[in-house]
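Geometric and topological summary
Here is what each chain is made of, one letter per residue.
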Amino acid sequence: MKKTSNLLNSDDSQTHPLLEKHVKTLDETIERYIGNFGWAQLLQAIVVSFAWVFDAQQTFISVFADAEPAWHCIDPHIESCNSTMISNLCKLPRNSWTWNEPIQTSTVSEWNLSCLGPVIAGLPTSSFFSGCLLGGLVLATLADSSLGRKNLLVISCLTMSSSTFLTAFSPNIWIYSILRFVTGFGRATIGTCSLVLSTEIVGKSRRDKVGIIGFIFFTLGFLSLPAMAYFTRGSSWRMLYILTSVPAMIYSIIVHFMIYESPRWLMVRGRKEEAINTLKSIASPDFYGTNNNILSISLSGIDISVEPEQRSTDLYSSIKMLWDKKWAFRRLTAVMVVSFGVGMMYYGIPLGVGNLASSLYLSVTLNALSELPSSLITYFLIGTLRRRSSLLFFTILSGVCSIMCVVIQEEQQGLRIGVELVSFFSVCTAFDVLLIYTLELFPTCVRNSALSMVRQALVFGGIFSPILIAAERGVDDNGLLSYGVFGLVIFVCGLFVICLPETRGGIICDTMDEEEEKAKNIISEAPNKQILVAHV
């Protein structure tokens, strides 16, 4: 450190005023020497965040590809056909009815899945989410250990897009389900890597807003689905998979050649030269002038002590670090419980609001549009929102509105739909804040793994949603099994936010030791603050 101090007092410090104060952390280096948010950083954040478009498309594509088309009687004079409800479709002779659309418009009509039972009909969707769970557990730590954020993002996008393209040529439901599983496996870490990589390149004052860019792209990806499905209506469901896979393949190539690796991750892994080159590449030339060695001197004085576990070849060392540290385990447990409740509500509500419009395209569009104001509001207010209190507020509001849907009578349909939209808007906002909050709760060496675990808890909560919706069909309980349970679960799970510390405006740490030291400083300062308040 003494040698570094002498370097900082050399002619370079006299020619550049920003070196007057010694920089101790990488967070301070990014803010002092490349600025909070430059054009190069903005470009990287936009390109990386665009991955959320493909993430959303594959998450909700089954809404159209696996939809059950409407049908009608071939001969209106057939009494049994006219008197039978739609739910009894399988009891009719096959030659007495036909689909309204061409048979290839949906997997349900092409492979006649309606009469194979709910388990077979729902197998592709279940396979996709099972792949998401397994992929999140298997691939999560690779971004923190050997591959890094960028490489895992490229591999995940290629895996997802390739399997999506092959899905278009599935000959039967079994191959289709296997390929959907592989798609979910590859998709599992795309959102996580994109969010972490885009936020680790900017200073703390812009980090939260950069994270929201990904959420906006996710909404745009969600909105693109009904548009593509509408303009390809009457065509084969296979066309939808081709249209969503080819752009994702091209995107993977662009990311490989255009995007830089996270300098934080490079520093934690001991690759300082690469970190320096990355930061120089995204820094403004006008900011430095001719002092190109300023950044190198600054980074040479940063001493990042990386735990031996992280240096090991064990791919799951970051999970072990989260498990061994009591404070990290408590944080991860609490935030995963909250994520479970948010996931059940987030994936559950769209399944129960089909009555918002008679058209499937319009219904999905309304659901997607509910996310857009949530992302925009979070973007403009995240800098002033206290993470813990805002997350608690939106989870409780979503839960209360969901329970109100059970209380409101069906005759008040307009009011019920309005309350449903408020509930979905609230859970979307809670979703956005939760991911930003998770980024700030954990240091660089385990951040991707922790965020991935939180996202898997979200998906795990989503698995229970279609089960509750399916169990409610044919039962006149006014939404008790769906909205009632959703509201109760997110209400209870949201209370676990109280166990987490506030992170707004704090410094993002790179190692577990830094995070522990920061927590100790906050605790040690608390009594002094209380004394000052008492005197005031």
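For the protein chain, the name recorded in an unreviewed UniProt entry is Major facilitator superfamily (MFS) profile domain-containing protein, with Papaver atlanticum as its organism. Recorded in UniProt under Subcellular location (unreviewed entry), the annotation for the protein chain is "Membrane".

1. A closer look at the overall build of the protein chain
Within the protein chain, the regular secondary structure consists of 28 helices and two strands. Across the protein chain, contacts joining residues at least 24 apart in sequence account for 82% of those joining residues at least 6 apart. Accessible surface, the protein chain as shown: approximately 23,200 Å² in total, 66% of it carbon and sulfur.

2. Quick word on the pattern of salt bridges
What the rule picks out here adds up to six salt bridges. Between Arg-331 and Glu-515 there is a salt bridge; the shortest N-O distance is 3.1 Å. You can see Arg-331 sitting in helix H22 (residues 326-352) and its partner Glu-515 sitting in helix H28 (residues 512-535), a full 184 residues away along the chain. By relative accessible area, which is 11% here, Arg-331 ends up buried.

3. A few points about the packing of helix H11 (residues 148-167) against helix H12 (residues 173-187)
Pairs of packed helices are described in terms of their axes, by the angle between the two and the distance that separates them. With their axes 7 Å apart at the nearest point, H11 and H12 run at an angle of 160° to one another. Between H11 and H12, the angle falls in the class roughly antiparallel. Crossing of H11 against H12: the hand is left-handed. Here Ser-156, Thr-159, Met-160, Ser-163, Thr-164, Leu-166 and Thr-167 of H11 lie close against H12, whose contacting residues are Tyr-176, Leu-179, Arg-180, Val-182, Thr-183, Gly-186 and Arg-187.

4. Comments concerning the packing of helix H10 (residues 123-139) against H12
Taken N-terminus to C-terminus, the directions of H10 and H12 make an angle of 35°; their axes are 6 Å apart at the nearest point. Considering how the two elements wind past one another, H10 and H12 form a crossing that is right-handed. Each of Leu-123, Pro-124, Ser-127, Phe-128, Ser-130, Gly-131, Cys-132, Leu-134, Gly-135, Val-138 and Leu-139 in H10 lies in contact with H12, whose residues at this interface are Ile-173, Trp-174, Tyr-176, Ser-177, Arg-180, Phe-181, Thr-183, Gly-184, Phe-185 and Arg-187. Split into classes, the residues belonging to the contact of H10 with H12 amount to 12 nonpolar, seven polar and two charged.

5. Considering unusual backbone geometry
A positive phi angle is found at Asn-112, which is not glycine, with a value near 55°. Mapped onto the fold, Asn-112 is located in the loop between helix H8 (107-110) and helix H9 (118-121). The partly exposed category is assigned to Asn-112, whose relative accessible area is 34%.

6. Side note on the side chain of Thr-244
Position of Thr-244 among the secondary structure elements: in helix H15 (residues 237-258). Accessibility expressed as a relative area gives 3% for Thr-244, which makes it buried. At 3.1 Å, the side chain of Thr-244 forms a polar contact with the side chain of Gln-58. Residue contacts for Thr-244: discarding those within four places in its chain leaves Phe-54, Gln-57, Gln-58, Ile-61, Thr-164 and Met-228.

7. A word on the nonpolar core
Counting residues in hydrophobic clusters, the biggest one holds 94 residues, and the most contacted among them are Leu-332, Val-342, Tyr-346 and Leu-391. Among the elements that make up this core, the one with the highest residue count is helix H25 (residues 413-441) (13 residues). Ignoring any residue separated from it by four or fewer positions in sequence, one finds Tyr-346 in contact with Phe-60, Phe-218, Glu-371, Phe-424, Val-427, Cys-428 and Phe-431. Formed by 19 residues, the second largest nonpolar core is a distinct cluster that contains Val-47, Leu-142, Ile-190 and Ile-259.

8. Re the confidence of the model for the protein chain
Per-residue confidence for the protein chain gives a mean pLDDT of 77, with 74% of residues at or over 70. Low pLDDT (under 50) marks residues 287-291, which in the prediction has 12 contacts with non-local residues, meaning those over four places away or in another chain. Contacts for the low-pLDDT stretch residues 527-536, under 50 throughout, to residues beyond four places or in other chains number zero contacts.

9. What to know about the packing of aromatic side chains
Under the criterion given, the structure shown has 24 aromatic pairs. Ring plane angle 65° and centroid distance 5.5 Å describe the contact between Trp-111 and Tyr-176, whose orientation is recorded as edge-to-face. Residue Trp-111 is found in the loop between H8 and H9, and its partner Tyr-176 is found in helix H12; the two are separated by 65 residues along the sequence. The exposure classification of Trp-111 matches that of Tyr-176, with both residues buried. Here Tyr-346 and Phe-424 contribute two aromatic rings whose centre-to-centre distance is 5.9 Å and whose plane-to-plane angle is 20°, an arrangement assigned as stacked. Taken together, the residues span a long stretch of sequence, with Tyr-346 in helix H22 and Phe-424 in helix H25 at a distance of 78 residues.

What counts, and at which threshold
Residues numbered from 1 in each chain as written. Predicted model: local features only at pLDDT ≥ 70, side-chain atom pairs only at ≥ 80, totals over all residues. Heavy atoms only, no water. UniProt positions renumbered as here; feature names shortened; annotations may be inferred. Helix = DSSP H or I, 4+ residues; strand = E, 2+ residues; numbered from the N terminus. Contact = heavy atoms within 4.5 Å. Areas by Shrake-Rupley, 256 points an atom, 1.4 Å probe, with all protein chains shown as cover. Salt bridge = Lys/Arg side-chain N within 4 Å of Asp/Glu carboxyl O. Buried < 20%, exposed > 50% of the residue type's maximum accessible area, 1.4 Å probe, protein only. Axes fitted to C-alpha atoms, helices over the stretch in contact; angles between N-to-C directions. Parallel < 35°, antiparallel > 145°, perpendicular 65-115°, else oblique. Left-handed = near helix turned anticlockwise from the far one by under 90°. Nonpolar A, V, L, I, M, F, W, Y, C, P; charged D, E, K, R; others polar. Polar contact = N/O pair within 3.5 Å; in protein donor to acceptor, adjacent residues only side chain to side chain. Core = buried A, V, L, I, M, F, W, Y, C linked by side-chain atoms within 4.5 Å. pLDDT = per-residue confidence, 0-100. Phe/Tyr/Trp six-rings, centres within 6.5 Å; stacked < 30°, edge-to-face > 60°.

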